[in-house]
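Descriptive structure summary
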2 protein chains.
Amino acid sequence: MSDPAFPSDWAEKLLSGDRRILAKAVTLVESTRSDHRDQAEALIAAVMPHTGKSTRIGISGVPGVGKSTFIEAFGQHVTDLGHRIAVLAVDPSSKRAGGSILGDKTRMEVLSRNPAAFIRPSPAGSTLGGVARRTRESMLLCEAAGFDVILVETVGVGQSETAVADMTDMFLLLLLPAGGDELQGLKKGIVELADMVLVNKADGDLAAQAKRTAADYHGALRLLNKVQADWTVPVLPCSALTGQGVDEAWTRIQAFRDLGTGNGGFQARRRDQARSWLWDELLAELTQRLRQDDTVRDMLPAVQKAVADGDLPAPIGARQLVDALLLGRNALQK
Amino acid sequence: MSDPAFPSDWAEKLLSGDRRILAKAVTLVESTRSDHRDQAEALIAAVMPHTGKSTRIGISGVPGVGKSTFIEAFGQHVTDLGHRIAVLAVDPSSKRAGGSILGDKTRMEVLSRNPAAFIRPSPAGSTLGGVARRTRESMLLCEAAGFDVILVETVGVGQSETAVADMTDMFLLLLLPAGGDELQGLKKGIVELADMVLVNKADGDLAAQAKRTAADYHGALRLLNKVQADWTVPVLPCSALTGQGVDEAWTRIQAFRDLGTGNGGFQARRRDQARSWLWDELLAELTQRLRQDDTVRDMLPAVQKAVADGDLPAPIGARQLVDALLLGRNALQK
């Protein structure tokens, strides 16, 4: 940290809310070049004391549920109230050229021109862990730049929900006004992650069905979920199109945050997340060193095949690989 | 592997079905002494080609649901059909002196005297990962000893369900004949792991309520679960006490296995499990090396606190720790 290694005025400009520098800083964080990585870490370290003061909200729902329209309506609502909102995303399937979520800013035409909003598509990446790490860091940069509401979007069909729930204070799930899961297309367990469920498209012909869906999920959640202290997961119909229910969603988010701040649940969740962040980074760093090691790389395919074929117990294979990383390297030094 | 380092006749005796040696071998696997660990790994490697031929069944349910009674009835049923059953457990909370599950063999009085059954309480351990690793290895030893049905019990109130589902071919959940979760005491997401749900105590006064509970959960699962190809999760009332429904459970297990063998789902699940087994072992091995490293151990508390307090970004903390493990060691060699 003695040599920050990034343009020395970036931290200062970021803290003053400079959006152009924020965008550049996020690009730096997303870079895979190791000199960029060093710069990104130094920048994050420099602004770290000014982070953590936002309300971090995860939001998920399958394609077609109306996430973009909801985020646009929600973003306009909270910026009208004087907040500044950053919208980030975690989608491991997105490609650099036109991510599948948030990639097309025209989907949020009004919000993307709103000076109190910052919208950024999912970083590209082949692993969920990698994408989630970058988004977690971008979140800190947005907080340093003064955004006090962070929305982290994900796509509702995979493991990314757990990653997003593990970096946010509250997890929202958007559902369609329809019954079973074939229509919803949701993976097992995702509904149960939600701190709040919103049944979108509760307008026009679908209004009545949205109400029925909300009641059905309310009942199902009551049956399957362990009751959380003081909090029953709300299942609310809303319409991103007409804006109905968007204010109610924001009110409930604040109530959830106030409740958590009061009973310590908010602080405990943040502390747990910091612990798992360090752990994730430790394992990622170790994994990277394993993958970069020439000897390990040579050995890995044969070990993997032997374990999958039942010819080699995994503990022995693992030990061989780790020995190659640690002892082999030492041997070379002798 | 050139020097097996365990009594040379153990592998042979194990393969001949010697129960006394099986018990000793499991004890070896559970030992934390590093010479025992070496011997255990060599033994597993020696018998590895003779493993994998059983039906591996995970079973969970909260205390009071009647798991022991069910396992006893189920074990008697399958041994009457000519099978040999091993009952293992994963319970990270169990202590060496009298584990909380399977520890008290008197709970399975008949089965524990059955020569075609082998019952073993959960290994002691402070982490779920550690306990699960030992149980996975014990499962291989039981298979080598000719047990063709393996039941892995867990306790239904924590993360251990995921670990058990990740080492078995099919995951069963026992429920009580009662409604909401306050009564069931289940953690979020556990119901959704199940490949089959059994509502136990469907006898006497509770018979009618058990049927209602089964119908309720059937409906809730249909609503929340993504449909699996060709398999709808059965929700069946049963009575471990009278034995009613136990044969049906076994029939369905075989149907699930036949289906999976036919459409490749069984083989795919096993392959995925082997992959995650190697990965678990790799991370466990790396973690152990980190923990054993003097420099890392000295640094860890301060790094953890700085990350939790928001003073240090986790990627930097992680890199410092891994550098201490890899580079520090190399530097010492120079």
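Residues numbered from 1 in each chain as written. Chains lettered and ligands numbered in written order. Predicted model: local features only at pLDDT ≥ 70, side-chain atom pairs only at ≥ 80, totals over all residues. Heavy atoms only, no water.

On to the overall build of chain A, then. When helices and strands are counted, chain A shows 14 helices and 7 strands. For chain A, buried positions account for 54% of its 334 residues. In chain A, once contacts between residues fewer than 6 apart in sequence are set aside, the share between residues at least 24 apart is 76%. When the accessible surface of chain A is summed, it comes to about 13,900 Å², and 54% of that surface belongs to carbon and sulfur atoms. (Helix = DSSP H or I, 4+ residues; strand = E, 2+ residues; numbered from the N terminus. Buried < 20%, exposed > 50% of the residue type's maximum accessible area, 1.4 Å probe, protein only. Contact = heavy atoms within 4.5 Å. Areas by Shrake-Rupley, 256 points an atom, 1.4 Å probe, with all protein chains shown as cover.)

This next bit is on helix 3 (residues 34-47) of chain B. Side chains that are three or four residues apart share a direction in an α-helix, a result of its 3.6 residues per turn. Between its first and last C-alpha atoms helix 3 of chain B spans 20 Å; for 14 residues at 1.5 Å apiece the expected length is 20 Å, and the two agree. Among the residues making up helix 3 of chain B, those that are buried are Arg37(B), Gln39(B), Ala40(B), Glu41(B), Ala42(B), Leu43(B), Ile44(B), Ala45(B) and Val47(B). (Expected span 1.5 Å × (residues − 1).)

Time to look at the side chain of Asn114(B). All names here are of chain B. Positionally, Asn 114 belongs in the loop between helix 5 (109-112) and strand 3 (117-119). A polar side-chain atom of Asn 114 sits 3.1 Å from a polar atom in the side chain of Gln 76. Of note is the side chain of Asn 114, whose polar atom sits 3.0 Å from the side chain of Thr 79. Every residue in contact with Asn 114, bar those within four places of it in the chain, is listed here: Arg 19, Gln 76 and Thr 79. (Polar contact = N/O pair within 3.5 Å; in protein donor to acceptor, adjacent residues only side chain to side chain.)

Attention shifts here to the confidence of the model for chain A. All names here are of chain A. In this model, chain A carries an average pLDDT of 85, and 86% of its residues clear a pLDDT of 70 or more. Predicted confidence for residues 330-334 stays below pLDDT 50, and this span has 7 contacts to residues more than four positions away or in other chains. We note a pTM of 0.67 for the whole complex and an ipTM of 0.78 for its interfaces. (pLDDT = per-residue confidence, 0-100.)

Residue and element names in this part refer to chain A. If you walk through the whole model with that rule in mind, you get 38 salt bridges over all chains. The residue Arg 37 makes a salt bridge to Glu 41 at a minimum N-O spacing of 3.5 Å. Of the two residues, Arg 37 and Glu 41 are both situated in helix 3 (residues 34-47); the distance of 4 residues between them amounts to about one turn of the helix. Take Arg 37: its relative accessible area is 13%, and that puts it in the buried class. You can call Glu 41 buried: its relative accessible area is 7%. Here Asp 294 ties to Arg 297 by a salt bridge, and the two come within 2.7 Å at their closest N and O atoms. (Salt bridge = Lys/Arg side-chain N within 4 Å of Asp/Glu carboxyl O.)

Residues and elements named next belong to chain B. For the pair helix 6 (residues 128-144) and helix 11 (residues 265-292), interaxial distance at closest approach is 11 Å and the crossing angle is 130 degrees. Classified by the angle their axes make, helix 6 and helix 11 are oblique. Our pair here, helix 6 against helix 11, has a crossing hand that is left-handed. Residues Arg 133, Arg 136, Glu 137 and Leu 140 of helix 6 form the contact with helix 11, whose own contacting residues are Gln 273, Trp 277, Asp 280, Glu 281 and Ala 284. By residue class, the composition of the contact of helix 6 with helix 11 is 3 nonpolar, 1 polar and 5 charged. (Axes fitted to C-alpha atoms, helices over the stretch in contact; angles between N-to-C directions. Parallel < 35°, antiparallel > 145°, perpendicular 65-115°, else oblique. Left-handed = near helix turned anticlockwise from the far one by under 90°. Nonpolar A, V, L, I, M, F, W, Y, C, P; charged D, E, K, R; others polar.)

This part is about the pairing of strand 4 (residues 149-154) of chain A. Residues and elements named next belong to chain A. Extensive coverage of strand 4 is indicated by the burial of 6 of its 6 residues. The alternating pattern of strand 4 places Val 149, Leu 151 and Glu 153 and Ile 150, Val 152 and Thr 154 on opposite faces, both of which are buried. Bridge count for strand 1 (residues 55-60) against strand 4 is 5 bridges, and the pairing is parallel. Bridged to Thr 55 within strand 4 is Val 149. Sheet topology places strand 2 (residues 85-90) next to strand 4; 6 bridges connect them, and they run parallel. Bridging across to strand 4, Leu 88 finds its partner in Val 152. (Pairing = 2+ DSSP bridges.)

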